Amino acid sequence: MVPKTVFIYRCAKMSADPFFKKVTMRKTAVIVVFIFLFAANVPGDEVDQGLTGAASEQVMVSTRQVIDIGIDSGNVIGLTQSMIQHNFNDEQILDAHGVMLTAGKKGLPLQVVVAKASEGIAKQVPPATIVSAMQTVASRYELAFTMADRFTGQIGQKNQLGLIVAESMAAGLTDEDAAGIVQTLQQRGEPVKSDSVYA
């Protein structure tokens, strides 16, 4: 058995040895790398849990961006999973997410864009057609809200009139007719009534 003082002396001598320091640094570096690797495999946020193994890193980042603009995370993850199952490629998913991001940044109602995507998937419409339909809906609402903004600066009235115009355009009202109606309202100076949505 090695006496305690001899053991302490040998440890002190080893710790002063440059070779021992290199070996210790290597061991420390290996331990740190293992910690980071292990931490990377620990379950993370909802996106990781819902899309890992099914989606690329780009799609996962894009999904997080859409969630950040205010759409419920469960809805976005569910929609993205449906897109993957419906054979959307990464570019088409990123385009669909891009439509939602742009609509959100412009203050347009996101639920109509999401509903259009869900509707297309449910009807087994080809992915490219679904993305195109989402873009069409977003453009329609953007035009309608732009027209409404010319009529009133009040956000409540603008949103209400924008929804009315967009839904009328979806039902067949042309862009020119919609612009004419908004212009007529503007010339008359008539406020939008709260019950006009249900008329």
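The following paragraphs examine the structure supplied in this document. From a predicted model like this one, the values you see are computed outputs, not experimental measurements. (Residues numbered from 1 in each chain as written. Predicted model: local features only at pLDDT ≥ 70, side-chain atom pairs only at ≥ 80, totals over all residues. Heavy atoms only, no water.)

**Examining the overall build of the chain**
So, point 1. Along the chain, the regular secondary structure elements total 10 helices and 0 strands.
So, point 2. Moving toward the C terminus, one meets the helices and strands of the chain in the order α-α-α-α-α-α-α-α-α-α.
So, point 3. Evaluated residue by residue, the chain yields a buried proportion of 29% over its 199 residues.
So, point 4. Contacts in the chain between residues at least 24 apart in sequence constitute 61% of all its contacts with a sequence separation of at least 6.
So, point 5. Here the chain has roughly 12,800 Å² of accessible surface; of this, 58% comes from carbon and sulfur atoms. (Helix = DSSP H or I, 4+ residues; strand = E, 2+ residues; numbered from the N terminus. Buried < 20%, exposed > 50% of the residue type's maximum accessible area, 1.4 Å probe, protein only. Contact = heavy atoms within 4.5 Å. Areas by Shrake-Rupley, 256 points an atom, 1.4 Å probe, with all protein chains shown as cover.)

**Quick word on unusual backbone geometry**
So, point 1. Of note in this structure, Asn87 is not a glycine but carries a positive phi near 65 degrees.
So, point 2. Mapped onto the secondary structure, Asn87 falls in the loop between α5 (73-85) and α6 (90-105).
So, point 3. Not every positive phi belongs to a glycine, and Gln124 is a case in point at roughly 60 degrees.
So, point 4. Relative to the elements of secondary structure, Gln124 occurs in the loop between α7 (110-122) and α8 (127-151).

**Describing α8**
So, point 1. Taking 1.5 Å per residue as the helical rise, α8 with its 25 residues ought to reach 36 Å, and the 37 Å between its terminal C-alpha atoms agrees with that figure.
So, point 2. Taken together, the buried positions of α8 are Pro127, Ile130, Val131, Met134, Val137, Ala138, Tyr141, Ala144, Phe145, Met147, Ala148 and Phe151. (Expected span 1.5 Å × (residues − 1).)

**Regarding the packing of α5 against α6**
So, point 1. Where α5 contacts α6, the two axes come as close as 11 Å, and the packing angle between them is 150 degrees. On the basis of their axis angle, the class for α5 and α6 is roughly antiparallel. α5 and α6 meet at a crossing whose hand is right-handed. Two secondary-structure elements touch here, α5 through Leu79, Thr80, Met83 and Ile84 and α6 through Ile93, Ala96, His97 and Met100.
So, point 2. Of the residues that constitute the contact of α5 with α6, the class distribution is 6 nonpolar, 2 polar and no charged. (Axes fitted to C-alpha atoms, helices over the stretch in contact; angles between N-to-C directions. Parallel < 35°, antiparallel > 145°, perpendicular 65-115°, else oblique. Left-handed = near helix turned anticlockwise from the far one by under 90°. Nonpolar A, V, L, I, M, F, W, Y, C, P; charged D, E, K, R; others polar.)

**Re the packing of α6 against α7**
So, point 1. The contact between α6 and α7 brings their axes to 9 Å, and the two run at 165 degrees. Classified by the angle their axes make, α6 and α7 are roughly antiparallel. The handedness of the crossing between α6 and α7 is right-handed. Along its contact with α6, which presents Val99, Met100, Ala103 and Gly104, the element α7 presents Leu110, Val113 and Val114.
So, point 2. Taken together, the residues of the contact of α6 with α7 sort by class into 6 nonpolar, 1 polar and no charged.

**Quick notes on the nonpolar core**
So, point 1. Met83, Met100, Val113, Met134 and Val165 are the most contacted members of the largest nonpolar core, which totals 42 residues.
So, point 2. Put simply, the parts of the chain that give this core at least two residues each are α3 (46-51), α4 (57-68), α5, α6, α7, α8, α9 (155-170) and α10 (175-188).
So, point 3. Ranked by the residues each element gives to this core, the list is headed by α8, at 11 residues.
So, point 4. Once you skip the residues sitting within four places of it in the chain, Met100 turns out to touch Val66, Ile69, Ile71, Leu79, Leu110, Val113, Val114 and Met134. (Core = buried A, V, L, I, M, F, W, Y, C linked by side-chain atoms within 4.5 Å.)

**Topic: the packing of aromatic side chains**
So, point 1. With the rule as written, the count across this model stands at 1 aromatic pair.
So, point 2. Centroid distance Tyr141 to Phe145: 6.4 Å. Interplanar angle 40 degrees. Geometry classified as tilted. Highlighted residues: Tyr141 and Phe145, both in helix α8, separated by 4 residues, approximately one helical turn.
So, point 3. Owing to a relative accessible area of 7%, Phe145 belongs among the buried residues under this scheme. (Phe/Tyr/Trp six-rings, centres within 6.5 Å; stacked < 30°, edge-to-face > 60°.)

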